[in-house]
2 protein chains.
Amino acid sequence: MQYPEPIAQLIDSYMKLPGIGQKTATRLAFYTIDMNGDDVTRFAKSLISAKRDLHFCSICGNITENDPCDICRDKTRDQSQILVVEQAKDIMTLEKMKEYHGLYHVLNGVLSPIEGKGPEDLNMASLLKRLQSNDAVKEVIIATNATPEGEATAMYLSRLIKPAGIKVTRLAHGLSVGSDIEYADEMTLYKAVEGRTEM
Amino acid sequence: MQYPEPIAQLIDSYMKLPGIGQKTATRLAFYTIDMNGDDVTRFAKSLISAKRDLHFCSICGNITENDPCDICRDKTRDQSQILVVEQAKDIMTLEKMKEYHGLYHVLNGVLSPIEGKGPEDLNMASLLKRLQSNDAVKEVIIATNATPEGEATAMYLSRLIKPAGIKVTRLAHGLSVGSDIEYADEMTLYKAVEGRTEM
């Protein structure tokens with residue numbers, strides 16, 4: 001015996017999401033049937049809308065409804081700094097900090113020979129074009145993740161940009177605020193000692 | 001700064017699902033944007049369809065596209081047994097076993113004074129009506145979960161049905177197949193000893 005077709009299809013759809021296997025998908029599907037009808041309609045509409053109404057900003061690569069995105073159009077932001085991130089969602093995380101007021105650039109990935117991702121697969125050409133066509137930029141802050149691929153990408157970008165006489169910086173590595181030294185890994189501790197600051 | 005409206009709405013919708021908080025919802029929303037357009041459309045359609053095309057079987061309370069459901073309409077099934085479950089999805093789990101060929105009845109919950117759920121909130125009246133109007137039923141197998149509420153509901157149902165002269169049985173409790181005695185809880189061990197069988 002099979003699930004009724006509408007449930008089977010919904011389970012299939014839930015299983016396409018990352019980290020959701022058959023059991024969770026089944027639970028979610030049965031939960032959906034019990035949900036408020038309006039909520040389900042809104043869910044379906046927001047899925048369609050997210051796919052249809054969102055685009056990549058033609059300047060920075062951010063995900064946006066309007067092109068250019070709100071940040072690129074905001075002339076009150078510091079036009080002399082560009083912060084480079086791997087993913088569009090990293091922008092939102094950084095914006096929550098409320099301490100950075102410059103511009104952004106989304107690479108949309110990192111260099112990864114294993115996955116066959118080279119410089120031409122990332123938004124690097126558009127970054128270089130931005131730097132060449134705009135004298136206002138004085139500093140590029142590289143905020144790729146602290147993974148081997150993120151580090152390699154940061155190194156590659158830095159070598160590409162530095163010759164143009166633009167300052168290239170990298171986010172600091174060290175202990176998380178509120179963390180215990182006891183639980184820090186060796187690499188983090190090494191970076192924390194290396195980057196120690198005078199009190 | 002806020003997420004673009006379509007993302008914010010999608011995050012809200014994902015957060016309405018059980019066990020999905022803000023971080024997971026955000027991850028799923030950004031994942032959705034990168035998904036194949038056809039998959040997203042199919043996902044949205046299956047949500048609408050699951051809510052619109054599925055109903056409760058008027059006989060047993062199972063979730064179905066057709067009323068009565070496939071099981072209730074199947075005259076080759078053993079009409080003398082009714083197995084009582086808490087949720088419609090339990091039927092599918094039992095059907096996978098392929099060893100039970102009787103009918104089902106879905107209570108749609110359990111007695112729970114804390115949640116204010118009494119007998120009138122469950123599909124108990126419809127079960128009694130089935131038993132009264134149908135002489136073919138010889139046995140009611142109660143398969144509520146092995147929780148305090150499930151046990152109480154089983155006990156309540158049994159007292160309700162027995163006076164009609166119908167045999168009432170309960171699924172056996174004991175060690176899971178393949179499990180270690182070392183990791184079994186005391187209550188399960190007690191039930192396993194109590195229900196021991198001769199070899």
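Treat the numbers as computed from the prediction; the structure is a model and nothing was measured. (Residues numbered from 1 in each chain as written. Chains lettered and ligands numbered in written order. Predicted model: local features only at pLDDT ≥ 70, side-chain atom pairs only at ≥ 80, totals over all residues. Heavy atoms only, no water.)

## Description of the overall build of chain A
Move 1: Of the regular secondary structure elements, chain A holds eight helices and six strands.
Move 2: Order of helices (α) and strands (β) in chain A, N terminus to C terminus: α-α-α-β-β-α-β-α-β-α-β-α-β-α.
Move 3: Over its C-alpha trace chain A gives a radius of gyration of 22 Å, far above what one expects of a compact globule, namely 16 Å for 199 residues.
Move 4: The principal-axis extent of the C-alpha atoms belonging to chain A is close to 65 × 45 × 35 Å.
Move 5: Taken across its 199 residues, chain A has 41% of its residues classed as buried.
Move 6: Contacts in chain A between residues far apart in sequence, at least 24 positions, make up 45% of those at least 6 positions apart.
Move 7: Entry remark: accessible area of chain A is about 11700 Å², with carbon and sulfur atoms responsible for 52%.
Move 8: Charge centroids of chain A, computed over 23 positive and 28 negative side chains, lie 4 Å from each other. (Helix = DSSP H or I, 4+ residues; strand = E, 2+ residues; numbered from the N terminus. Rg over C-alpha atoms; globule rule 2.2 N^0.38 Å. Buried < 20%, exposed > 50% of the residue type's maximum accessible area, 1.4 Å probe, protein only. Contact = heavy atoms within 4.5 Å. Areas by Shrake-Rupley, 256 points an atom, 1.4 Å probe, with all protein chains shown as cover. Lys, Arg positive; Asp, Glu negative; His and termini not counted. Charge placed at Lys NZ, Arg CZ, Asp CG, Glu CD.)

## Examining the UniProt feature "zinc finger region: C4-type" (unreviewed entry) in chain A
Move 1: Using the residue numbers shown here, the UniProt feature "zinc finger region: C4-type" (unreviewed entry) corresponds to residues 57-72 of chain A.
Move 2: With 19% helix and 12% strand, residues 57-72 of chain A has end C-alpha atoms that lie 8 Å from one another. (UniProt positions renumbered as here; feature names shortened; annotations may be inferred.)

## Notes on helix 5 (residues 88-97) of chain B
Move 1: Where helix 5 of chain B is concerned, the buried positions are Ala88(B), Asp90(B), Ile91(B), Met92(B), Leu94(B) and Glu95(B).
Move 2: Next to the buried residues of helix 5 of chain B lie helix 2 (22-34) of chain A together with strand 2 (63-64), helix 4 (70-73), strand 3 (81-85) and strand 4 (103-106) of chain B.
Move 3: Once helix 5 of chain B finishes, Lys98(B) follows within two positions and takes phi at roughly 65°, a positive value.

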